[in-house]
Structures are given as structure tokens and as C-alpha cells.
Amino acid sequence: MDNSLLPFFQPEGVVVIGASTNPVKPGYGAARNVATSGYTGAIHFVSQKPGELFDRPVYTSLAEVPDPVDLAVIVVPALAVAHALTDCHRRGIRAAIVLAGGFREVGPQGAALEAEVVRLAREYGIRIVGPNCVGLLDALLPLDTSFLPPPIPPAGDVAVVSQSGALLAVLIDWARSEGVGFSRLMSLGNKADVDEPDVLEAAVAQEQTRLLALYIEALTDGPRFLEEARKVARHKPVVALKVGRGEAGQNAAASHTGALAGSDSAYDAAFARAGVLRAATSEEWLDWIVAFTRCPLPAGPRVGLLTNAGGPGVIASDAVEAYGMRLAEFSESTLAELHSFLSPAASFHNPLDMLAAASPQDYARSLGLLLADPGVDSVVVLLPAPPMFEAEDVAAALLPHIQAASKPVTVALLGQKRLTAALARLREERVAVYPSAERAVAALAGLFRRAEIERAPEPELSPPAGIDREAAALALAGAAPGAWLAPDSADRLMAAYRIPTAAVKLARTPEEAGALASTLGFPVVVKVASADIPHKSDVGGVILGLETAEAAAEAFRAVTARARAAQPSARLDGAHVQRMLPPGQEVIVGAARDAVFGPLMMFGSGGVEVEGLKDVAFDLAPLAQVHADRMLRRTWAGRKLAGFRSIPPGDAAAVRDVLCRLAQLAHDLPQVAEIEINPLRVLAPGSGAVAVDVRVKIAGE
């Protein structure tokens, strides 16, 4: 942990600056919580008026506060924060939690005020959490520097880092009813100084912490977050709720890659690379918190379903498949044991439907058998209110098996009023219980995904062989900021990274097009040459399969005429002539520079339908072979490289190599804003893959 952060997590003394005797003010709440949280270090209060608060003196100047004191909780109005920081500097305090709002979140004036506070803090060497936050809570130390309603949350095994203070309050309230306990909770607010990468290590430093839960609205330093989150996720599960999925700014992107690679795609890719599980909703996030603190991880994807009714079993079966797991097949010995005591009318294959008459003992004995079956990795118990028994009795009968199991068990209580007592009992005994079959399965799926992360080896990232960085620099020399690289320069850039291309020649007249076609060899393709027309096929600017010089010359006239008609203001340089390649599958490979995480790779179905199909996968550059292979598996374009019905197989190994090389290019060359190969023609296995159309955009100034 950074030594400058130690006072936030191991303070010797805390001072509340702006403590108040008015019970409705945050200054009162913060003073009350520090004083009553059980903190055993020194506690001091500073206010404009002297007096006594919570049996402690109130000082009118920070200079009067005795040692020890190394953490300040600042609860003064925004305009007074700078003065409070100056007092901290004079007193030798190097850590401050600024609870006040009225900064960047309220507009330009507040942003200017925040910038001045940050400038002073850096000048003084003071680290700041906030502003506009609710503070830090350590239930194990214990210490509560927030102004949230007491008491301090129960101690437990969940650490939380949240950009939103309000969500932290909601989480604490939810946790009281769910029986979830916390180790540390951190509200970062505006993150003017201390941000997520700073505190991830500290969040999970306590031995009791089993899980780190993140609430993120936006990150400012993606690569640093990636590095720190990966370190944490190697040892403990990390679940994130990242909100703000909007696609603002994508309309300005000129390539397919840029148009499809929204910032949310970059967050997905970054979380996957770091081993962070991203929840789709706040409900799923909370459900995962329950599951990870109450269940072991499964050894595999095989799920057993136990129910007393057919409908819930079907619903759960659909969910198991939807979440990438599969129904377990029960062993013959398990089936024989089940037949020995369940009704002959029961459905004995997965899902195991014991029928409505199933007793608490039937539930318990059946669960024990499923957990003992080596072909079952996890179990979901589905419990509608039994018609002939009390649900609480079923819950009590299940508990010994759940608590002794080395496999995860989630329980879906399907109903409400008749299940109240069962719910209370299961929560009290720390069972992962949910109100629907889908949520019980989704929680299990989170555990399964984490188990896969732990089983996967850490890939080594090393540059592909044969890269000529000097040749790459020459290919980019003289390129205008914000412009598209000339096709011949793009070809040279590809050659520097050993990415095969189909040679492209520029013709400025119809006659020159015919001569170039004869030189290249037939058949050829003719494409209008214009930096102002990025998608040539949209204006009829591409003609394929030309077999003679005369046809190539006529194609030159046709594509340039169509381009002039479609976009009269576009500057035309002539037409490009290119030899056509053998038939093969067509895919798209590209990179776009994300503002937070840097170069973002894309792979998917190529050709003119790329944006319509949106069969794409993303990952961050650089790529290891395992990352490239994962991108192929996640798309139909990648999966059909193995061949499908009348579609012959393609050279998947060559595609992975191109992906890794293009990713290294995007990583090495920050002056490249967007790069796209569309299509990449994938030839037969062992025959390679060739970039047919390459477009490279240079970053603007």
C-alpha cells in the first residue's frame, strides 16, 4: 500500500473539522459516527464555537488539537475547504476526507474550486478522498468517518469501493436485512485525488475480506486500474457494477471499428482482461455479493436442479443454458437411490421433480444425493411453498447438507407470504437465497465464471516476431494529423508488422487503370480513390471480377462517375487497382483508441454488413494468442472458420496471428487513432489470410 494512504486506513488520531452540535447537519453526523463507532485512537473536534461534543472538547483552531492526529475529516462548506487544507498543512496532517459537495458536480464554478483545492493539496503533499463523498467506514478497525445513520455496519467479509455515496448508504441498508457484513467501505465521490487504482489493494488488505465489490461511473486512468485490479483479482473475487453505458461520441467515428467500439465495449474488455466480473444490473451485483460470501466455487459447469414442481424446473433449465452452464447427468447409483424413496411418478432426470407431495425429508435426502454425485458441480434448490408441509421445515431439513457441502448451493424461494419464516431462517444461517429461479441460477453463474478465471493460466504478452519498427516509422512519416494514411503507406505499415496485403496501385486515368490491371494479373478489382469517401461500396465505388484491361478502364470511369454523383464535394484521386484473391471467408479486424483504456481491438463478420450484423468481439491491445482465440470463439465469424455446412474452413491460425500483430501495432503507435482491415480474406487452412482493404487514420492534433 502507498504509504501516503496509511492514515486513511490506520490512523493514529482523527479530527473532524466542521463538527457541529446541530443534529441535522453533516458535521454532527460525522462527529457522532467517529465518536461512537468504537474507534480506539485519538478523536478531536474543531468548530467555530468552543464547547463540548460527545464528551470531548471542541477546539476553535486546528493548531490547538493535541497529538496524535494524522487524518482530517473536513465537513465545512466548499468555499472553506481550501482554508481547512491550509490549516492541515500547518498542523502536519497529510490525509483528508472532504465530505462537502459543491465542486465539479455542480458546474464550471465548482470545477474551478475543485481544481484549486487539488492544486493546494498537491503543493502541501496532502492526499484527498472526495470531495462530494460520504467518507470511509472500517467495520473491523472499527472507524466510521461518514455522516450516514448509525450504527456502523456489521463487520464481515465484503469490501466496497463506490463512486456514489448514496449507493453506499443503500448497500448498507440492504445488507442489514440480508445479513451481509463488511470489512471496509469507501466512498470516493469526485475522485479529485484518490481514485480506484489507489485503494484497490487497501480495500482487500484485511485477511477477513473475501470479496471486493466496485461501483464505478467512470475511470480516468484505465491502464493503471487494469494493473491494480488484475493484482487483486488474482487472489480474491472482484465484482463490478459499471453504470453509464451510453454511446455518446461514436457518431464522430469514421471507421466501422470506431463506430462499434463504444466506451462500454472497452470497459467490458478491460474487466475481462483483469478478471473482474461485471454485473449487468444492480440486482445481479447484489445477488453476487450474497453468493460469493456464502458459497464455495464450483468445480465445473454441471448444475443439478431440485424442485417439487415442473414449471420452476423448466424456468431454471432455460436459465442454466442461457448463462453458459449445463444440466448435470445423474449417475445410475444416484438415480437408483432416488427411486428407492421418491414417488414413482416423480421426474428423476435433471431437473429432479419430486412432485408437490415432497416432504422436508425428501428434499434433504435428495439434495444430499445430488451433492454426493461426482457428475454434479452445483445445485439449485427450487422451493415453491409446499402444499402439505411448512416451507420453514423444508429449509431446516436442507441446512445440514448445504452447510456441510463443498459444492455451491443456491436456493430459490418461489412465493412470498408463506415463505417468510423459511427466508428468515436461511438468511440467518447464511444461505444464498433468492426470490426467483433465474436469480438463483444467475448467482451460481457468477461463481462459475470466477472459478473459470481462477483456473485459467496467466498468458504471457510478448511482441510477435519480425516487426520492423523503423519501417513502420517511415510509413507514417509526414502523415497529416487527423487524415487517412495513403494506401501505399498503409501497405508499407502492414508490411512492417508482417501482415499480408493484396497489392494496391493508384491509377489516375482509365488508361493507366487498364495498364496496371495487365501488370497485376487478372482478375482485378477497381475501387474509387478518395480520402473523403471512407466506405466506397456505399457510393457504388467498387467493381469486382474484371478480366481485361478494357474492363478495368471502363470500371475506372464508372466508379469515379458514381462517386462524383453521390458526393460532389469529395476530392477524387483516381481509382485503386488490386488483384482479386482466391475465394475465402471474409472477416473484419480493427483497432480504435479508447480515451480511458487505449487501443481497443475488434474482430467480427466483415464485408458491407459489419455494422448491420454487429457480430463483433472486443479486447484490449496488446493481445496474446489466448486473447485472440477468445475473440474468435465469441463471434459467429470466428466459429465458422472451422467450417459450417457448405462453408469451407478457413485459416484460423492466420487470423489469430493478424489480430496479435495488429494489436501490437496499435499498442506501439499512439499516433494511429483508428485502423481497420475490412475485409481480411481468410483462405483455406494453411494458406493464410490477406488484408484486402486497409484504412489507417492518424490521430488529430
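Please refer to the structure placed before this passage.
Source: prediction; values computed, not measured.

Q: Explain the overall build of the chain to me, please; I cannot follow it from the model alone.
A: The helix and strand tally for the chain stands at 24 helices and 30 strands. Its C-alpha atoms put the chain at 95 × 80 × 45 Å along the principal axes. Looking at the chain as a whole, 57% of its 701 residues qualify as buried. Taking contacts inside the chain between residues at least 6 apart in sequence as the whole, the part at least 24 apart equals 71%. Summing over all exposed atoms, the chain offers an accessible surface of approximately 28,900 Å²; the carbon and sulfur share of this is 53%. Side-chain charges of the chain comprise 63 positive and 78 negative groups, with the mean position of each set lying 2 Å from the other.

Q: What's the story with the sheet that holds strand 1 (residues 13-17) in this structure? I'm lost.
A: If you walk across this open sheet you meet the seven strands as 3-4-2-1-5-6-7, and the pairing is mixed. Because the sheet does not close on itself, it has two edges, and the strands there are strand 3 (51-53) and strand 7 (127-129). Neighbour to neighbour, the strand axes of the sheet diverge by 30° on average, direction disregarded. Judged from the three bridges that link them, strand 6 (residues 95-98) and strand 7 form a sheet pairing that is parallel. Among the inter-strand pairings, Ala95 is bridged to a residue of strand 7, identified as Arg127. Against the sheet, helix 3 (residues 81-91) engages strand 1, strand 5 (71-74), strand 6 and strand 7, with an angle of about 165° to strand 5.

Q: I would appreciate a short explanation of the pattern of salt bridges in the present structure.
A: A side chain with one charge may pair with a side chain of the opposite charge, provided their charged atoms come close. The final tally for this structure, using the stated rule, is 38 salt bridges. For Arg365, the salt bridge goes to Glu337, with nearest N and O atoms at 3.9 Å. With a gap of 28 residues between them, Arg365 in helix 13 (residues 360-372) and Glu337 in helix 12 (residues 332-339) connect regions that are remote in the sequence. Owing to a relative accessible area of 42%, Arg365 belongs among the partly exposed residues under this scheme. Glu337 gets classed as partly exposed once you look at its relative accessible area, which sits at 38%. Across the pair Arg450 and Glu454 runs a salt bridge whose closest N-O atoms are separated by 3.1 Å. Here Glu454 and Arg450 lie together in helix 16 (residues 437-455), a separation of four residues that amounts to about one turn. Among the ionic contacts, a cluster of salt bridges with common partners joins Asp2, Arg127, Asp193, Asp195, Asp198, Asp221 and Arg224.

Q: Please explain the sheet that holds strand 14 (residues 277-278) as it appears in this structure.
A: Sheets are built from strands paired through backbone hydrogen bonds, the pairs being either parallel or antiparallel. Across the sheet, which stays open at both edges, the seven strands sit in the order 9-8-11-10-12-13-14 with mixed pairing between neighbours. Of all strands in the sheet, those with a lone pairing partner are strand 9 (143-144) and strand 14, marking the two edges. Inspection of the sheet shows strand 8 (residues 136-138) paired to strand 9 by two bridges, in the antiparallel sense. Residue pairing in the sheet places Asp138 in a bridge with Leu143 of strand 9. Packed on one face of the sheet, helix 10 (residues 282-294) meets strand 10 (155-162), strand 12 (211-216), strand 13 (238-242) and strand 14 and runs near 170° to strand 12.

Q: How do you make sense of helix 16 when you look at a structure like this?
A: The α-helix advances 3.6 residues per turn, and as a result positions three or four apart in sequence lie on the same side. Over its 19 residues, helix 16 runs 27 Å from end to end, which matches the ideal 27 Å to within 8%, given 1.5 Å per residue. Turning to helix 16, its buried residues number three or more, namely Ala437, Ala440, Val441, Ala442, Ala443, Leu444, Ala445, Gly446, Leu447, Phe448, Arg450 and Ala451.

Q: Just checking my understanding: could you explain the pairing of strand 26 (residues 598-605) for this structure?
A: Taken residue by residue, a regular strand's side chains alternate between the two faces of the sheet. Counting buried residues in strand 26 gives eight out of eight residues, a clear majority hidden from the surface. Note: strand 25 (residues 585-594) against strand 26, eight bridges, orientation antiparallel. Residue Ala591 lies in a different strand from strand 26, and its bridge partner there is Met601. Hairpin connection from strand 25 to strand 26: three residues lie between these consecutive antiparallel strands.

Q: It is not clear to me how the nonpolar core should be interpreted in this structure. Could you clarify?
A: One recurring pattern in soluble globular proteins: nonpolar side chains tend to sit buried together. Core analysis: the biggest nonpolar cluster contains 62 residues, and Phe8, Phe45, Ile97, Leu212 and Leu214 have the highest contact counts within it. Excluding residues within four positions of it along the chain, Ile97 makes contact with Phe8, Leu71, Ala72, Val73, Ile74, Val129, Cys133, Gly135, Leu136 and Thr145. Counting residues in each nonpolar core, the second largest holds 46 residues, with Leu171, Val180, Val303 and Ala440 among its members.

Q: Can you help me understand the side chain of Ser187 in this one?
A: Relative to the elements of secondary structure, Ser187 occurs in strand 11 (residues 182-187). Side-chain polar atoms of Ser187 contact the backbone nitrogen of Val134, separated by 3.0 Å.

Q: What's the story with unusual backbone geometry in this structure? I'm lost.
A: In terms of backbone geometry, most residues other than glycine have negative phi values and most peptide bonds are trans. The residue after Asp67, namely Pro68, is reached through a cis peptide bond having omega -5°. Assignment of secondary structure puts Pro68 in the loop between strand 4 (56-59) and strand 5. In this structure, Asp55 is a non-glycine residue whose phi angle is positive, near 65°. Relative to the assigned elements, Asp55 resides in the loop between strand 3 and strand 4. We note that Arg645 has phi near 50°; this positive angle belongs to a residue other than glycine.

Q: What am I meant to see in the pairing of strand 22 (residues 524-529) here?
A: Across the six residues of strand 22, six count as buried, placing the element largely inside the fold. Sheet analysis places strand 22 next to strand 23 (residues 542-546), joined by three bridges and oriented antiparallel. Looking at strand 23, one finds that Lys527 is bridged to Val542. Two strands pair when backbone bridges link them, and strand 22 and strand 24 (residues 574-579) are joined in this way by six bridges, in the antiparallel orientation. Following the sheet pairing, Val526 is matched in strand 24 by Val577.

Criteria and cut-off values
Residues numbered from 1 in each chain as written. Predicted model: local features only at pLDDT ≥ 70, side-chain atom pairs only at ≥ 80, totals over all residues. Heavy atoms only, no water. Helix = DSSP H or I, 4+ residues; strand = E, 2+ residues; numbered from the N terminus. Buried < 20%, exposed > 50% of the residue type's maximum accessible area, 1.4 Å probe, protein only. Contact = heavy atoms within 4.5 Å. Areas by Shrake-Rupley, 256 points an atom, 1.4 Å probe, with all protein chains shown as cover. Lys, Arg positive; Asp, Glu negative; His and termini not counted. Charge placed at Lys NZ, Arg CZ, Asp CG, Glu CD. Pairing = 2+ DSSP bridges. Axes fitted to C-alpha atoms, helices over the stretch in contact; angles between N-to-C directions. Salt bridge = Lys/Arg side-chain N within 4 Å of Asp/Glu carboxyl O. Expected span 1.5 Å × (residues − 1). Core = buried A, V, L, I, M, F, W, Y, C linked by side-chain atoms within 4.5 Å. Polar contact = N/O pair within 3.5 Å; in protein donor to acceptor, adjacent residues only side chain to side chain.

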